[in-house]
Amino acid sequence: MPLKDIQKLEKIVNSELTSKIKRSTITFNEILVETDVENLFSVVQFLKSNDNCKFKQLIDIAGVDFLEKDKRFRIVYLLLSHENNFRIKLSVDFETEKKIPSIIKIFPSANWMEREIFDMYGIRFEKHPDLRRILTDYGFKGHPLRKDFPLTGFNEVRYSEKDKKVIYEPVKLEQNYRNFDFESPWEGTKYIKKMDKKKSNDKKKENS
């Protein structure tokens, strides 16, 4: 889609949704529209049904965790217009406990996508008909893509010879984490450099 057509579409979106979007930008020939939770549903509905937009396919829904921010989470909706051969991104930022309106009534394919985000981030969607975990196992604790989720998780799974079944139990680390030296192997690690420097100093002392 030519840039002038993209700019024209951006003007239409801004004029029609003046009070419902925060801002819009064009990057790499794609429009990014930022809105808030309260207006999310109506903005998505407009982008799909408006004759100038016709974003009738939901490509994906992505979650982002900004741990240090007040509005910790961000959800990005990726939409495609086959008729205009163009994509648009819709972004919304919100607090941890905020519930997001489900868009299943607009895009039925959002069902599993919203469940994945709930499973990975713990974000809840209002009026979702079946908001259950979809990627993790039964009884899984926590949400793996949150920045504060421990690398080892909370539970581990193993087969118990005593109980003759697979059991869940708190993670037990057999050894502490190691600190690795990731310097270039061509330069040598720190302890080798120190040894070489010591040998060089000893030789200088012997020769002096």
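In short, a report on the structure.

Reading guide: rules and limits
Residues numbered from 1 in each chain as written. Predicted model: local features only at pLDDT ≥ 70, side-chain atom pairs only at ≥ 80, totals over all residues. Heavy atoms only, no water. Helix = DSSP H or I, 4+ residues; strand = E, 2+ residues; numbered from the N terminus. Buried < 20%, exposed > 50% of the residue type's maximum accessible area, 1.4 Å probe, protein only. Contact = heavy atoms within 4.5 Å. Areas by Shrake-Rupley, 256 points an atom, 1.4 Å probe, with all protein chains shown as cover. Salt bridge = Lys/Arg side-chain N within 4 Å of Asp/Glu carboxyl O. Pairing = 2+ DSSP bridges. Axes fitted to C-alpha atoms, helices over the stretch in contact; angles between N-to-C directions.

Some remarks on the overall build of the chain
- Secondary structure summary: the chain contains four helices and nine strands in total.
- Sequence-ordered secondary structure for the chain, helices as α and strands as β, is α-β-β-α-β-β-β-β-α-β-β-β-α.
- For the chain, buried positions account for 33% of its 208 residues.
- Within the chain, counting contacts between residues at least 6 apart in sequence, those at least 24 apart form 45% of the total.
- When the accessible surface of the chain is split by element, carbon and sulfur atoms take 51% of a total near 14,400 Å².

Some details on the pattern of salt bridges
- Tallied over the full model, the rule gives 13 salt bridges.
- Here lysine 89 and glutamate 30 are joined by a salt bridge, their closest N and O atoms 3.2 Å apart. Note that lysine 89 is positioned in strand S5 (residues 86-94) and glutamate 30 in strand S2 (residues 30-35), a separation of 59 residues in sequence.
- Connected through salt bridges with shared partners, the residues Lys54, Lys56 and Glu83 form a single ionic network.

Concerning the pairing of S2
- Here S2 shows one buried face, formed by Ile31, Val33 and Thr35, and one open face, formed by Glu30, Leu32 and Glu34.
- Where strand S1 (residues 21-27) meets S2, six bridges bridge the pair, whose relative direction is antiparallel. By the bridge assignment, threonine 27 is partnered in S2 with glutamate 30.
- If you look at the hairpin formed by S1 and S2, you'll find two residues sitting between the two strands, and phenylalanine 28 has a positive phi there, around 50°.

Here's the deal with the sheet that holds strand S4 (residues 73-81)
- Here five strands make up an open sheet; going across it, the order is S1-S2-S5-S4-S3 and the pairing mixed. On the outer flanks of this sheet lie S1 and strand S3 (57-65), each paired with one strand and no other. Geometrically, the sheet is characterised by an average inter-axis angle of 20° between neighbouring strands, direction not taken into account.
- In this sheet, S4 lies alongside S3 in antiparallel orientation, the contact comprising eight bridges. Note that in S4 the partner of leucine 58 across the bridge is leucine 79.
- Here helix H1 (residues 3-16) sits on the sheet and contacts S1, S2 and S5; the angle it forms with S1, its principal contact strand, is near 180°.
- Where helix H2 (residues 37-49) meets the sheet, its contacts fall on S1, S2, S4 and S5, and the angle it forms with S5 comes to roughly 170°.

Structural measurements only, silent on function.
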